[in-house]
Amino acid sequence: MVFHPSKHSLTQHAAPSSGEERVFQGVAVAPGIAEGMVMIHFQEEENIPFRDLQPEELDAEAARFEGALLATRTELLGLQERLSQSATASDAGIFDAHLLVLEDPSLIDEVLNGIRREKHNAEFVFQGVSHKFIKTLSAIDDPYLRERAIDLEDVTRRVIRHLLGKSGQRLAGHDRSHIIVADELTPSDTATLNRENVAGFITEKGSKTSHTAIMARSLGIPAVVGLEGICNLLESGCVVLMDGYSGKVFLNPSPSTRAAYQVLAEQKEHVEERLESLRETDSVTTDGRRITLAANIELPEELDEVSASGADGIGLYRTEFLYFNRTVPPDEEEQYAVYRQVAERVAPRGAIIRTLDIGGDKPTECLDLGHEENPFLGCRAIRFCLNNPEIFKTQLRAILRAGLHGNLKMMFPMISGHEELLHAKALLNEAAEELRAKGMPFQNDMELGLMIEVPSSAIMADMLAREVSFFSIGTNDLLQYLMAVDRGNERIAHLHDPANPAVVRILKMVVDAAHAAGIWVGICGELAGDIEFTPLLVGLGIDELSTSASLVPRVKKAIRSLDLTACREVVTHALSGEPAAEIYARTTGLARTRYPDLF
Ligand code: PEP
Ligand code: MG
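Residues numbered from 1 in each chain as written. Chains lettered and ligands numbered in written order. Predicted model: local features only at pLDDT ≥ 70, side-chain atom pairs only at ≥ 80, totals over all residues. Heavy atoms only, no water.

Student: Residues and numbers for the overall build of the chain, please.
Tutor: Looking only at helices and strands, the chain features 23 helices and 16 strands. Relative to a compact globule of 599 residues, whose C-alpha radius of gyration would be 25 Å, the chain shows 25 Å and is just as compact. Projected onto its principal axes, the C-alpha positions of the chain cover 80 × 70 × 45 Å. Residue burial in the chain is summarised as follows: out of 599 residues, 57% are buried. Considering only residue pairs separated by 6 or more positions, the chain has 71% of its internal contacts joining residues 24 or more positions apart. Counting only carbon and sulfur atoms, one obtains 52% of the accessible surface of the chain, whose full area is about 24,000 Å². Of the side-chain charges in the chain, 59 are positive and 89 negative, and the distance between the mean point of each set is 4 Å. (Helix = DSSP H or I, 4+ residues; strand = E, 2+ residues; numbered from the N terminus. Rg over C-alpha atoms; globule rule 2.2 N^0.38 Å. Buried < 20%, exposed > 50% of the residue type's maximum accessible area, 1.4 Å probe, protein only. Contact = heavy atoms within 4.5 Å. Areas by Shrake-Rupley, 256 points an atom, 1.4 Å probe, with all protein chains shown as cover. Lys, Arg positive; Asp, Glu negative; His and termini not counted. Charge placed at Lys NZ, Arg CZ, Asp CG, Glu CD.)

Student: Account for the pattern of salt bridges, naming residues and giving values.
Tutor: Enumeration over the complete set of coordinates arrives at 43 salt bridges. A salt bridge links Asp477 to Arg487; its shortest N-O distance comes to 2.9 Å. Placement of the pair is Asp477 in helix α18 (residues 475-482) and Arg487 in the loop between α18 and α19 (501-516), with a sequence separation of ten residues. Each of the two residues, Asp477 as well as Arg487, counts as buried. In this structure, Glu532 and Arg592 form a salt bridge, with 3.1 Å as the shortest nitrogen-oxygen distance. Of this pair, Glu532 sits in the loop between β15 (520-523) and α20 (534-540) while Arg592 is found in helix α23 (residues 580-594), placing the two residues 60 residues apart along the sequence. Taking the relative accessible area as the measure of exposure, Glu532 reaches 8% and is therefore buried. By relative accessible area, which is 40% here, Arg592 ends up partly exposed. Overlapping salt bridges, with partners in common, bring together Glu332, Glu333, Glu390, Lys393, Arg397, Arg401, Glu430 and Glu434 in one network. (Salt bridge = Lys/Arg side-chain N within 4 Å of Asp/Glu carboxyl O.)

Student: Residues and numbers for the site of ligand 1, please.
Tutor: In the region of ligand 1, 17 residues are neighbours, and Arg318, Arg354, Glu453, Asn476 and Arg487 sit closest. The side chain of Asp477 places a nitrogen or oxygen atom 3.0 Å from an oxygen atom of ligand 1. Alone, ligand 1 offers 290 Å² of accessible surface; in the complex the protein occludes 100% of this. The pocket occupied by ligand 1, as judged from atoms lying within 2 Å of grid points, is the largest cavity. (Near = heavy atom within 4 Å. Polar contact = N/O pair within 3.5 Å; in protein donor to acceptor, adjacent residues only side chain to side chain. 1 Å grid on protein atoms, 1.4 Å probe; cavity = no way out; pocket = protein on both sides within 12 Å on 5 of 7 lines; lining within 4 Å. Sits in = over half its atoms within 2 Å of the grid points.)

Student: Lay out the sheet that holds strand β10 (residues 314-318) in plain terms, naming residues and giving numbers.
Tutor: A barrel is described by the order of its strands in space; here eight strands give the closed sequence β9-β10-β11-β12-β13-β14-β15-β16, paired in parallel fashion. With direction set aside, neighbouring strand axes in the sheet form an average angle of 30 degrees. (Pairing = 2+ DSSP bridges. Axes fitted to C-alpha atoms, helices over the stretch in contact; angles between N-to-C directions.)

Student: Could you give an account of the nonpolar core, naming the residues involved and the relevant values?
Tutor: In this structure, Phe412, Phe471 and Leu545 are the most contacted members of the largest nonpolar core, which totals 125 residues. No other element matches the eight residues that α19 contributes to this core. Shared between two domains, this core takes at least three residues from each, and those domains are domain 1 (22-42 + 170-275) and domain 3 (278-598). Membership of the second largest hydrophobic core comes to 29 residues, among which are Ile48, Phe65, Leu99 and Leu163. (Core = buried A, V, L, I, M, F, W, Y, C linked by side-chain atoms within 4.5 Å. Domains from an automatic or database assignment.)

Student: Let's hear about the domain arrangement of the chain: which residues, and what values?
Tutor: Domain boundaries assigned for the chain yield domain 1 (22-42 + 170-275), domain 2 (55-163) and domain 3 (278-598). Its C-alpha centre places domain 2 at a distance of 41 Å from the equivalent point of domain 3.

Student: Got a sec to walk through the environment of Pro455? Specific residues and values, please.
Tutor: Residue position: Pro455 is located in helix α16 (residues 455-459). Between the alpha carbons of Pro455 and Met483 there is a distance of 9.7 Å; along the sequence they are 28 residues apart. In this structure, Pro455 is in contact with Leu478, Tyr481, Leu482 and Ile506, ignoring residues within four places of it in sequence.

Student: How would you sum up empty space enclosed by the protein? Please name residues and give values.
Tutor: Enumeration over the complete set of coordinates arrives at two cavities of 30 Å³ or more. Taken together, 15 residues form the lining of the largest cavity, with Arg318, Arg354, Glu453, Asn476 and Asp477 sitting closest to its centre. Looking at the lining of the largest cavity, the elements that each hand over two or more residues are β10 and α18. Looking at which element gives the most residues to the lining of the largest cavity, the answer is α18, with three residues. Looking at the lining of the largest cavity residue by residue, the classes come out as three nonpolar, five polar and seven charged. Considered as a void within the structure, the second largest cavity measures approximately 30 Å³ in volume. Lining of the second largest cavity is provided by Leu69, Val101, Leu102, Leu107, Ile108, Phe126 and Val155. Contributions of two or more residues to the lining of the second largest cavity are made by α3 (94-102) and α4 (105-118). By residue class, the composition of the lining of the second largest cavity is seven nonpolar, no polar and no charged. (Points joined across faces, edges and corners; volume = space filled by probe spheres on them. Nonpolar A, V, L, I, M, F, W, Y, C, P; charged D, E, K, R; others polar.)

Student: An account of the layout of surface pockets is needed here, citing residue identities and associated values.
Tutor: Looking at the second largest pocket, its volume works out to about 670 Å³. Considering the residues around the second largest pocket, the lining is formed by 32 residues, among which Lys208, His496, Pro498, Asp530 and Phe533 are closest to the centre. Counting residues per element, the ones that place at least two in the lining of the second largest pocket are β2 (27-30) and α18. When residues of the lining of the second largest pocket are assigned to their parent elements, the largest contribution, four residues, is made by β2. Taken together, the residues that form the lining of the second largest pocket break down as 15 nonpolar, nine polar and eight charged. Two domains each provide a minimum of three residues to the lining of the second largest pocket, namely domain 1 (22-42 + 170-275) and domain 3 (278-598).

Take a look at the structure:
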């Protein structure tokens, strides 16, 4: 188990509780303890405000609705324009149907008349009218009309976002400190959380390696997921105490529960203080094996925490977060400025910029990914980039230019084989040529790596190693694809098990292939921050571990408490046919003996 104390102390968020205490057990995904008032977060459409209007307000309300239609039109035209320049040009046509919805006189007149007749706010009236149209269209047994219902649903969401002033931002609404309770949060929702106001979050869906959980750890916000039905069991305004270490959520915590958690929070605080003293020390085992310990970031705002954590630079920058909560993707200049800032602020240490990994559980409004039945097996990450070379090369040019301002490396996500890698490298060469042709300075010998996340690339690791300078193993996805287990599905989360002997074998294969080719290999998936598995990873010969900045100090303490000989023994047993339970017992047994205070 991994932990760090919440930045939100118990006393800061304590609110009077009433009623009987009830305890719910979820899955702990981001450590910390928080108590506070619950805000249930519904999907945007369910959160539509309702207002009665005075007769003198009606003209302005009608104009506000027309303004939102216009803003949506501009937004759609922009999306269409961008799509028409990319390889998905044929998809640009879908927005024609959306634009037609915005001009539909029967819909618009009914809303305008409704505002005047009912004297209610535009979003409320519009949602009602639009739902009526959608229901009628969906009920007709005609595939064309059912498609139109989907178009209308999409456009309705966009118009409502404009009416709510939420285009490009979400979840920023409440200014009181609170605990968010939701069915599900997307990574882009999580990216907009205001750390000052959000003491924690609890969701019905999700797992330890879902991007929402990863984001919570990065932001230092305690989180519990997998609590099915919790949205109906709690209501906005009630008080809960949540334990991001054990996954327990207490409704109406009793005085004795609160007192016990007060003590626990203080203990965690003390451990954290002791870890701070390791900041300037090396991550080296007692018998001299040095392991680079880096931090993962999603947003440049996390850079201060990276330097405070004592990390050896950034091992994974998830650049797709730059593309969230906006309708237009970042252009080359914007990306260059951000990557340059990362390079300069992390110097003299280095940063590995991971190219766009969109799709899967990370959709974004500003790029059209199209509908897919199985997004995790679909056109995500490098596949999307290879299909959209202009979007990809824009990013590659920005990274190459920013490389002049520090020590940057680049890596490609989700490579599944040799041809894909060569294709991506060819586009990288094209991007460099384009800069050269324009006389733009850039770093032309940037180290290139690839993420091992698909089992086929692990199997072919010896061949792939000849093409790159390093491997970074994305265990979140590698385990997902190896075990055929959706990383975000709480019902099968037990199968996403790093102690599975097949996982140990595949990791060993990759490490051996990398070392035989003379390149280094790291892990940047969540496993890197799980101190129960540090003995196994050290024993496997991993050269770099990269994890959330908040977990760096405890991984450092773990490495400094271990010796290579004992760690190698764990691996020898694991490769000899031990079942998962024994592999787990062995690695965690060593961990608990060597650094018991971290558990
Ligand atoms: C991984 O898959 O382990 C990884 C680091 O990438 P992401 O979590 O962003 O998919
Ligand atoms: Mg991944």
